[in-house]
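Overview (structure and organization)
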Amino acid sequence: MSALDRLRADLAGIALAEDAATVRMASRDFFWFSPVLKPELEGKVADLVATPADKDELRRIAAACARHRVPLVIRGGGTGNYGQAVPLAGGVVVDMRQMNRMVFAKPGGARFEAGANMLDIDKLLDPHGQELRFHPSTRAQATIGGFVAGGAAGAGSCTWGQIDNLGAVTALEVMTVEAEPRLIELRGREILKVMHAYGVNGIITEVEVPTAPAHDWAERIVTFDSLTAAARFGQAFMECDGIAKKLVSVHDPRIVPYLKRLAPYLQEGRAFAILMVSEPQADTLDLLIADHKGEVTFRRGAAEAKAVAFGTHKGRGGPGPLYEYTWNHTTLHALKMDPSITYLQLRFPAPNNLALVEWAAKEFEEDVYFHLEFQRREGKVITSSLPLVKYTTQARLEEIMARAAEGGVQPSNAHTFVLNNAGWKRIDAPQPEFKRLADPHGLMNPGKLLGWEAEAQQAAE
Ligand code: FAD
């Protein structure tokens, strides 16, 4: 009897899928955004998909994998961009999406099972007058566990920062992969051990986060003469602490042709900003827009914007939620029109973020189209970008990242599935050491964290 047969026998009564189509779909994510990752990861599949209904079933899966030494990859919405959720060594994909309950919600904080979808979370929080502080542009597909284990920032980050900032997550409950799995509660800086670790060192079972008072978020599109003018406006809006905001996203005019659904509201040759602002303050924002000679081309009130996002809007036509044109959704829209597009991940730190943007826009003018996702991090305004790149070669991508770094911009490599190479491995909260404890047999997402055995050994000595 093979290890897989023994595993199957142990998992009787748990939802398992083994048909080729289901297994193939559950073994993919959005790695195909990268022409570098595409050939490396295409065709890698698990042997079966297990969907636990609750923690007891998950515990049985973790125990069986440990007993029979079968690799496992934890999966949320499967929207990661780096092949984080692609199984490199077969085994089991564990689909967490049935573990989606709200544990509690109180003013200022809430706790969820890790498979809870982020849009559903905001629907659950809505009657409490609360919302998630920030969510990725994949709010409709992503899970909160997947966001902690593989994401970074999104709509709301203009006010609340990024997932690894102290205070962004209150607590995580993690299940170990051992013959007798344990539950470990991580709080404070301990959280960083499994934060953005691609599920290599424990299964996140519950996530507790601070919440924000829910605003009525109105949407706006505003056009400007140039990227520089739009970026200056973006900075001024960010620095206007008196106006509550959820999204400040500024785009190069050359992105206009890629956002088809926004075409009625964009103008050829003009840069544009996509904004979410607290509705009672939208008139005040108009003053700032006028100061910067912007032209408002699209206004959507908060009630309609929320209905569109929550899927309850009765009207037809009109764009989807505006955040679905920002962050890495811009790449998705561009790729639909031009398969030669890819992207990079760059950060322009304070206080020279605007000067750096101006430098980079000139330096890489030929093949890089910037959109700027403004963030407030650790009290400062910074600019993130997932710029579109007209792809030629991997060497050119590396050249842009190296040159950008020389100029003072901070790249993180989006074209690797290896955590060690992406710039996210935590040295201050060692991920390898925690892996030794939570995944002693090295079964979790093999191939994503390299050299962990030696590092964990060294730390123990
Ligand atoms: P998955 O893709 O399922 O998993 C991500 C990683 O986490 C995998 O390594 C997986 O093994 C691991 N994992 C999942 N659940 C668990 C768990 N419970 N315990 C342990 N490990 C787990 N990201 C952003 O940060 N901001 C954005 O605005 C953004 N925009 C995007 C736009 C597009 C069009 C696309 C395709 C991606 C975008 N992303 C963005 C990336 C991705 O959508 C987010 O990071 C999202 O939060 C991932 O959640 P998920 O549930 O889909 O995770």
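Above this text sits the structure in question.
My aim in this report is to walk through the structure given alongside it, one point at a time. (Residues numbered from 1 in each chain as written. Predicted model: local features only at pLDDT ≥ 70, side-chain atom pairs only at ≥ 80, totals over all residues. Heavy atoms only, no water.)

**Some remarks on the overall build of the chain**
Where we set the bar: Put simply, DSSP marks the helices as runs of H or I at least four residues long and the strands as runs of E at least two long, and each gets a number from the N terminus on. It is over C-alpha atoms that the radius of gyration is taken, and the globule rule equals 2.2 Å times the number of residues to the power 0.38. We call a residue buried when its accessible area falls under 20% of the maximum for its residue type, exposed when it is over 50%, and partly exposed in between, using a 1.4 Å probe and counting protein chains only. Only heavy atoms matter for contacts: two residues are in contact if any of them lie within 4.5 Å across the pair. Each accessible area is a Shrake-Rupley estimate made with a 1.4 Å probe; only the visible protein chains count as cover when residues are assessed.
Counting its regular elements, the chain contains 16 helices and 21 strands. Its C-alpha radius of gyration of 22 Å places the chain within 12% of the 23 Å reference for a compact globule of 461 residues. For the chain, the spread of C-alpha atoms along the principal axes amounts to about 70 × 50 × 45 Å. Within the chain, the fraction of its 461 residues that count as buried is 57%. Sequence-distant contacts, at least 24 apart, represent 72% of the contacts inside the chain between residues at least 6 apart. Here the chain has roughly 18200 Å² of accessible surface; of this, 51% comes from carbon and sulfur atoms.

**Comments concerning the side chain of Thr79**
Positionally, Thr79 belongs in the loop between β3 (72-75) and β4 (92-95). Setting aside residues no more than four positions away along its own chain, Thr79 makes contact with Phe30, Thr138, Gln141 and Ala142.

**Remarks on the site of the ligand**
This is how it is decided: When we say a residue is near a molecule or strand, we mean one of its heavy atoms is within 4 Å of it. Counting of polar contacts relies on pairs of N or O atoms within 3.5 Å, with two restrictions inside protein: one atom must be capable of donating a hydrogen and the other of accepting it, and residues adjacent in sequence are counted only when both atoms are side-chain atoms. When residue character is reported, Ala, Val, Leu, Ile, Met, Phe, Trp, Tyr, Cys and Pro are called nonpolar, Asp, Glu, Lys and Arg charged, and the others, Gly included, polar.
Taken together, 37 residues are adjacent to the ligand, and Ile74, Thr79, Thr138, Ala152 and Ala153 come closest. Gly76 places a main-chain nitrogen or oxygen 2.7 Å from an oxygen atom of the ligand. Measuring from an oxygen atom of the ligand, one finds a backbone N or O atom of Tyr198 at 3.1 Å. Among the secondary structure elements, those contributing two or more residues to the shell around the ligand are β3, α6 (144-150), β10 (203-213) and α11 (329-337). The element contributing the most residues to the shell around the ligand is α6, with five residues. Taken together, the residues of the shell around the ligand sort by class into 17 nonpolar, 19 polar and one charged.

**A look at the packing of aromatic side chains**
In plain terms, the rule: The criterion for an aromatic pair is that two Phe, Tyr or Trp rings (for Trp, the six-membered ring) have centres within 6.5 Å, with stacked assigned to planes under 30 degrees apart, edge-to-face to planes over 60 apart and tilted to the rest. Think of it as a cone above the ring: NZ of Lys or CZ of Arg counts as a charge over the ring if it is within 6 Å of the ring centre and within 35 degrees of the ring normal.
Inspection of every chain in the model, using the stated rule, returns 11 aromatic pairs. A centroid spacing of 5.9 Å and a plane angle of 25 degrees characterise the contact between Phe233 and Phe237, whose relative ring orientation is stacked. Of this pair, Phe233 and Phe237 are both found in helix α8 (residues 227-239), four residues apart, which corresponds to roughly one turn of the helix. Residue Phe233 is classed as buried on the basis of its relative accessible area, which comes to 0%. On the basis of relative accessibility, which here comes to 0%, the residue Phe237 falls in the buried class. Here the guanidinium or amino end of Lys435 rests over the ring plane of Trp452, the centre of that ring lying 5.0 Å away.

**Regarding unusual backbone geometry**
Of the consecutive residues Ala350 and Pro351, the connecting peptide bond is found in the cis state with omega at 0 degrees. Positionally, Pro351 belongs in the loop between β16 (346-348) and α12 (353-363). Residue Arg69 is not a glycine yet carries a positive backbone phi of 55 degrees. Residue His196 is not a glycine yet carries a positive backbone phi of 50 degrees. By secondary structure assignment, the location of His196 is in the loop between β9 (183-187) and β10.

**Observations concerning the layout of surface pockets**
A probe matching the size of a water molecule, rolled over the atoms, marks out where space remains unfilled. Going by this rule: Only protein atoms enter the calculation, which uses a 1 Å grid: trapped sets of points that fit a 1.4 Å probe without letting it out are cavities, open sets showing protein on both sides within 12 Å along at least five of seven lines are pockets, and any residue with an atom within 4 Å of a point is a lining residue. Grid points are joined across faces, edges and corners, and a volume is the space filled by probe spheres set on the points.
The space that makes up the second largest pocket amounts to roughly 310 Å³. In this structure, the second largest pocket is lined by 20 residues; those nearest its centre are Glu131, Arg139, His215, Trp217 and Lys306. Those elements that provide at least two residues to the lining of the second largest pocket are β7 (130-132), β11 (217-224) and α10 (302-310). Per-element accounting of the lining of the second largest pocket gives the leading share, five residues, to α10. Partitioned by chemical class, the residues of the lining of the second largest pocket number nine nonpolar, three polar and eight charged.

**Some words on the sheet that holds strand β14 (residues 295-300)**
Backbone hydrogen bonds are what pair the strands of a sheet, in a parallel or an antiparallel way. The criterion, for reference: Note on pairing: DSSP must find at least two bridges between two strands before they are called paired.
If you trace the eight strands from one edge of the open sheet to the other, you get β14-β11-β13-β12-β18-β19-β16-β21, paired in antiparallel fashion. The outermost strands of the open sheet, each flanked by one partner alone, are β14 and β21 (410-411).

**A word on the packing of α8 against helix α9 (residues 282-291)**
The packing of two helices is summarised by the inter-axis angle and the distance between the axes. How we decide: In this description, a line fitted to the C-alpha atoms serves as the axis of each element, helices being fitted only across the stretch in contact, and the angle between N-to-C directions of two axes falls anywhere from 0 to 180 degrees. Handedness of a crossing follows from how the near helix is turned relative to the far one, being left-handed for an anticlockwise turn of less than a right angle and right-handed for a clockwise one.
The geometry of α8 relative to α9 is characterised by a closest axis approach of 10 Å and an angle of 145 degrees between their N-to-C directions. Helix-helix and strand crossings are classified by hand; for α8 and α9 the assignment is right-handed. Between α8 and α9, the residues in contact are Phe233, Ala236 and Phe237 and Leu285, Leu288 and Ile289, respectively. Grouping the amino acids of the contact of α8 with α9 by side-chain chemistry returns six nonpolar, no polar and no charged.

**A look at empty space enclosed by the protein**
Tallying each qualifying case throughout the model produces one cavity of 30 Å³ or more. In this structure, the largest cavity spans a volume of roughly 90 Å³. Considering the residues around the largest cavity, the lining is formed by Met118, Leu132, Arg133, Phe134, Ile144, Phe147, Val148, Ile163, Ala168, Val209 and Pro210. Sorting elements by how many residues they give to the lining of the largest cavity places α6 first, with three residues. Residues of the lining of the largest cavity, tallied by class, amount to 10 nonpolar, no polar and one charged.

By themselves, these figures tell us nothing about what the structure is for.
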